[in-house]
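What follows is each chain in one-letter form.
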Amino acid sequence: MTNQATTIWPAPSALNIAADQAARAIPPVWPLASSVAVNPYLGQASETLAMVGARMQRIAGQPVTMARSWYQAKIASGTISDTDLAQALALASPALRPASVAALKAAAQQTPPAMRAVPTIADLAAAASGIDWPGLIAERFGAWAGGYFDEGQALWAAPRGFGAYAAWRAVATHDLTPEIIGLTGFAVHVSRAPERAADALADAVQQLGLPAQAAQTYLHQMLMSLGGWAQYARYLLWQAELAGTSDAAVTDFLSIRLIWETALYNRYADQIADQWRAAIAAHAAPVAPDADHVINAILQEAADRAAQRDLAQLLAAPQTDISAARPALQAAFCIDVRSEVYRRALESVIPAIQTLGFAGFFGLTASHRRFASDVHELRLPVLLNPGLTTTSGGPADADNDLSSRYKARAKRAWGRFKLAAVSSFAFVEATGPVYVGKLVSDALGLNARPAPNDPAPRPDPALDLDTRTAAAETVLRAMSLTSNFARLVVVAGHGANVVNNPHASGLHCGACGGYSGEVNARLLAAILNDADVRSGLVPKGITLPQDTLFVAGLHDTTTDTVTLYAQDCPSPQHQADIAQASAWFSAAGVISRGERALRLPRGAGEASLARRSRDWAEVRPEWALAGCKAFIAAPRRRTSGKSLDGRAFLHDYDWKLDSSFGVLELILTAPVVVASWISLQYYGSTVAPDVFGGGNKLLHNVTGGIGVVEGNGGVMRPGLPWQSVHDGEAYIHDPLRLSVCVEAPREAMTAILARHDGVRALFDNRWLHLFALDEAGAMAWRYAGDLTWEAMSGAGQQAAQAELVA
């Protein structure tokens, strides 16, 4: 069967290119064990918000901005001013934008027509037959994919060794569910499909009469219809390419999904042929925003500018003087927005304390094996490859290692026995009463989980002195910490301590690949306490006092407690310092918990937060990074004493110590990009929860050990659960694009953007906003795109015109 007489493709390879482009338009999603935030619009960074709005409407029927009523409420309350609207309006294309601010405000009060995607063949077949074919495809595909990708959850694992397409065919040829529902001959249809996925894709394209012009958005739509399963396959491709190889699962998924389309078309062609030709024509048309898309983008720009106006006022406020004397304590935290609350609390306890912000992997890209484990955990940003391998413990821990492995194996075997098909029923009958005590204690949250406390990590193989010294210098300079060291310097990673939460790793450190940050902190502290390393730093211009001790710590973001790993580097001379620091951390925890409790539903004072972390029914143990809206790279004195409400990433940076601007380049191309992924994941999960959100936690079931589904099957849900962005009554997260504020010369930032097209695209298309701070720490210049800047009114600049500073 051929739907059209001729299907025109410019070359045989063009289809492969189109399939690859569709695969790269899908964002990756990491497995639950190491989940990190991902920009859901990663594949569309080269397009504007209005253009992506048109694309997402075509392929998914989903918005890329909030409902008009959300913006109207902010306009009515005065949060978005007429000036914000006028500035946003001026940026839009004159051909489609409203004629005036008044017309824009009138448009904000209107409800545009409901968004509808171009229908797939499954949609058309469902309308013709009354059978939910899209739902059936999601259910059957999910049932297969959960077994195919299983990472140890299934008791009976699916056979390995086949590609995704071949493995699916082996199952689908014996799956009678589609035929029972009404798709007669589906198993035979699958068996007659080509054996190679690429050939099956080409065959399906010919059968459906899909021209090359329609392939871009149609193939993208096919992958979008598979939800998180396609995104997990995209993750496999991401990981493979980091390792220098490739993975075909995501393009195999295209072939699988199109086989469903061809089967349904064969079944219902006489009823849907005309509608399918119209769908092809819609896909073949160029993607272009209409007036509604442009209005939505203007309103979002105005909301962003309203928040930037508030931020500018805060940064322009008088600064707190910071003493040049030796600090009573120095504590380096991750730039995570949750650290802002705690750092501010700690500095309020004793003003002589100096806190710093740096990416939580602390410059060490470790592939780490925990104690008594052979699993390599990539504790580094997902943009990078590991630069060293580490392990917890050494030869002295061999006996404990073996004993722990025996215990772990026994625990796994017992767990399998409890869940096995034959023994599970007898197990419940025989041992149920034994578990009453555990059930009661867990239900009441009586047992607190201890902080991670493996033996001290170490590089394996060991690093030579030159490598250790170079790492120490790089990290200290990147932290702008090269002088005036305190007697005690705490390097604190962060993690979360929660129970019964499949998304627990998403509360850990994103810079550590979704793991807690104590391993990287302990590794860095050991390097900086090394006497030979300290001697090697002196010729490089960094002198560490003999009485300075580095101690690793772990900041529990759920309970705001700090665990110190002082046993890693015992120092009797610093016992009093460590005891005093512990007391300061405890006092800061009380303050920060009290502030955070005000935002949490049912937050009954600071003491209630510890109970929330142990409550297995609590769907909001903490707000994580909800509310994030700014990234500030500047000396701490610019923000010290100013409340950023836990909504800003704070990276210490002094450009005057960065002669080559190498640290600035590192900040703009690594931490800023990671922060953009976090910000845009929250954005996407808020504005388009149906496709980029994780769904309802109350309905979640873990599938394959890698993700969650709602109910007993269907598409895997990527992104953040609804409870992570909404408190049950209102949004807790304002979907704003991140404002990046950097105190550095504009010329240096322009040169860096000119060298990094991917980073520049984020700013040129306003997925991020970039600002240059002046010598007083005020937001003086806004990046206007195309390597130009414009002065901000009220920031000490007279002209408000673009200037090329390349």
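In this report, we go over the structure that sits alongside the text. Just so it is clear, the structure is predicted and the values come from calculations on it, not from any experiment.

Per the secondary structure count, the protein chain includes 29 helices and 20 strands. Over its C-alpha atoms the protein chain spans a radius of gyration of 28 Å, differing by no more than 12% from the 28 Å that the globule rule assigns to 806 residues. Expressed along its principal axes, the backbone C-alpha trace of the protein chain runs to roughly 85 × 75 × 50 Å. Expressed as a percentage of the 806 residues in the protein chain, the buried residues total 55%. In the protein chain, of all internal contacts separated by at least 6 residues, the share reaching a separation of at least 24 is 74%. Element-wise, carbon and sulfur atoms account for 56% of the exposed surface of the protein chain, whose accessible area totals about 32,900 Å².

On to the sheet that holds strand β6 (residues 457-459). With respect to topology, 4 strands assemble into an open sheet ordered β4-β3-β5-β6, the strand pairing being mixed. At either end of the open sheet lies a strand with only one pairing partner, and these are β4 (376-379) and β6. Taken over all neighbouring pairs, the strand axes of this sheet differ in orientation by 30° on average, direction set aside. Strand direction decides the pairing type here: strand β3 (residues 366-369) and β4, joined by 4 bridges, are antiparallel. Bridge assignment links H368 to a residue of β4, and that residue is E377. Here helix α21 (residues 518-529) sits on the sheet in contact with β3, β4, β5 (388-392) and β6, set at roughly 65° to β6.

In this section: the packing of aromatic side chains. Tallied over the entire structure, the rule returns 29 aromatic pairs. An angle of 55° between the planes, with centres 6.4 Å apart, marks the rings of W30 and W677 as tilted. Here W30 is found in the loop between α1 (12-24) and α2 (49-60), whereas its partner W677 is found in helix α26 (residues 671-687), with 647 residues between them in sequence. The exposure class of W30 is buried, given its relative accessible area of 6%. Here the aromatic residues W30, F141, W144, Y148, F149, W229, Y232, Y235, W238, F253 and W677 are joined through ring pairs into a cluster of three or more. Over the face of the ring belonging to Y268 we find R267, whose NZ or CZ atom lies 4.7 Å from the ring centre. We note R746 situated over the ring of W781; from NZ or CZ to the ring centre the distance is 3.8 Å.

Moving on, we get to the side chain of Q330. Among the secondary structure elements, Q330 is positioned in strand β1 (residues 329-334). Judged by relative accessible area, which is 0%, Q330 ranks as buried. Among the polar contacts listed, one links the side chain of Q330 to the backbone nitrogen of A486, at a separation of 2.9 Å. Among residues more than four places away in sequence, those in contact with Q330 are Q354, L356, L481, N484, F485, A486, L488, V489 and V490.

The buried fraction of strand β17 (residues 769-773) amounts to 5 of the 5 residues, a majority that puts the element mostly inside the structure. Neither face of β17 is exposed, since H769, F771 and L773 on one face and L770 and A772 on the opposite face are all buried. As defined by bridge partners, strand β16 (residues 739-742) adjoins β17 across 4 bridges and the pair is classed as parallel. Bridging across to β17, S739 finds its partner in H769. Of the pairings in the sheet, the one linking β17 to strand β18 (residues 779-785) comprises 3 bridges and is antiparallel in character. Following the sheet pairing, L773 is matched in β18 by M779.

The next point concerns a nonpolar patch on the surface. Among the surface-exposed residues, V436, V440, L444 and L446 lie close enough to one another that they form a single nonpolar patch of about 380 Å² accessible area. Residue position: V440 is located in helix α19 (residues 436-443). You can call V440 partly exposed: its relative accessible area is 43%.

Since one α-helical turn is 3.6 residues long, residues separated by three or four positions face the same way. Residues of helix α3 (residues 68-77) that are buried include every one of R68, W70, Y71, K74 and I75, and no others. Projection of α3 onto a plane perpendicular to its axis shows the buried side chains occupying an angular sector of 165°, all on one side. Pointing more than 90 degrees away from the buried face of α3 are the exposed residues S69, A76 and S77.

Another point: the state of the cysteines. This structure, assessed with the given rule, holds 0 disulfides. Lacking any disulfide linkage, C512 is separated from the closest cysteine sulfur, that of C509, by 3.6 Å.

For strand β10 (residues 630-634), the tally of buried residues reaches 5 of 5 residues, placing the bulk of the element in the interior. Burial along β10 is two-sided: the face carrying A630, I632 and A634 and the face carrying F631 and A633 are both buried. Summarising the sheet, β10 and strand β11 (residues 648-652) pair through 5 bridges and their orientation is parallel. Across the sheet, the residue bridging to A634 is D652, located in β11. Sheet analysis places β10 next to β16, joined by 4 bridges and oriented parallel. Paired with I632 across the bridge in β16 is C741.

As a further point, take unusual backbone geometry. Looking along the chain, the bond that leaves D460 and enters P461 is cis, with omega of 10°. Phi at N500 is positive, roughly 50°, even though this residue is not glycine. Position of N500 relative to the elements: it lies in the loop between β7 (488-495) and α21. Residue class for N500 comes out exposed when judged on its relative accessible area of 57%. A positive phi angle is found at D786, which is not glycine, with a value near 55°. Residue position: D786 is located in the loop between β18 and β19 (788-791).

Secondary-structure assignment places S339 in helix α16 (residues 337-349). A distance of 3.1 Å separates a polar side-chain atom of S339 from the backbone oxygen of C334. When residues no more than four places from it in sequence are discounted, the contact partners of S339 are F333, C334 and H555.

Cut-off values and rules
Throughout, residues of each chain are indexed from 1 in the direction in which the sequence is written. Restriction of local features to residues with pLDDT of at least 70 applies here, the model being predicted, together with a cutoff of 80 or more for giving and counting side-chain atom pairs; totals for whole chains, interfaces and linings are based on all residues. To obtain the side-chain values, all non-hydrogen atoms of the structure were used and water was disregarded. Helical segments are the DSSP runs of H or I of at least four residues, strand segments are the runs of E of at least two, and each set is numbered from the N terminus. C-alpha atoms define the radius of gyration in this analysis, and the globule rule sets the expected value at 2.2 Å times the number of residues to the power 0.38. Residue exposure (1.4 Å probe, protein chains only): buried if accessible area is under 20% of the type maximum, exposed if over 50%, otherwise partly exposed. We call two residues contacting when some pair of their heavy atoms lies within 4.5 Å. Here, Shrake-Rupley sampling with a 1.4 Å probe gives the accessible areas, and only protein chains in the shown set may cover a residue. Only when DSSP finds a minimum of two bridges between them are two strands counted as paired. Orientation is described by lines fitted to C-alpha atoms, with helices fitted over the stretch in contact, and by angles between N-to-C directions that extend from 0 to 180 degrees. Aromatic pairs are defined between Phe, Tyr and Trp rings, using the six-membered ring for Trp, whenever the two ring centres lie within 6.5 Å; interplanar angles under 30 degrees are classed as stacked, those over 60 as edge-to-face, and all others as tilted. For a lysine, the NZ atom is tested; for an arginine, the CZ atom; a charge sits over a ring if that atom is within 6 Å of the ring centre and within 35 degrees of the ring normal. A 3.5 Å cut-off defines polar contacts: any pair of N or O atoms within that distance qualifies, except that in protein one atom must be a possible hydrogen donor and the other a possible acceptor, and neighbouring residues in sequence count only when both atoms are side-chain atoms. In this scheme, patches are assembled from residues that exceed 30% relative accessible area and form no salt bridge. Like charges are connected within 9 Å, while nonpolar side chains (Val, Leu, Ile, Met, Phe, Trp, Tyr) are connected within 5 Å. Salt bridges are defined as contacts in which a side-chain nitrogen from Lys or Arg sits within 4 Å of a carboxyl oxygen from Asp or Glu. This arc is built from the directions going out from the helix axis to the C-beta atoms. When two cysteine sulfur atoms are found within 2.5 Å, that pair is recorded as a disulfide.

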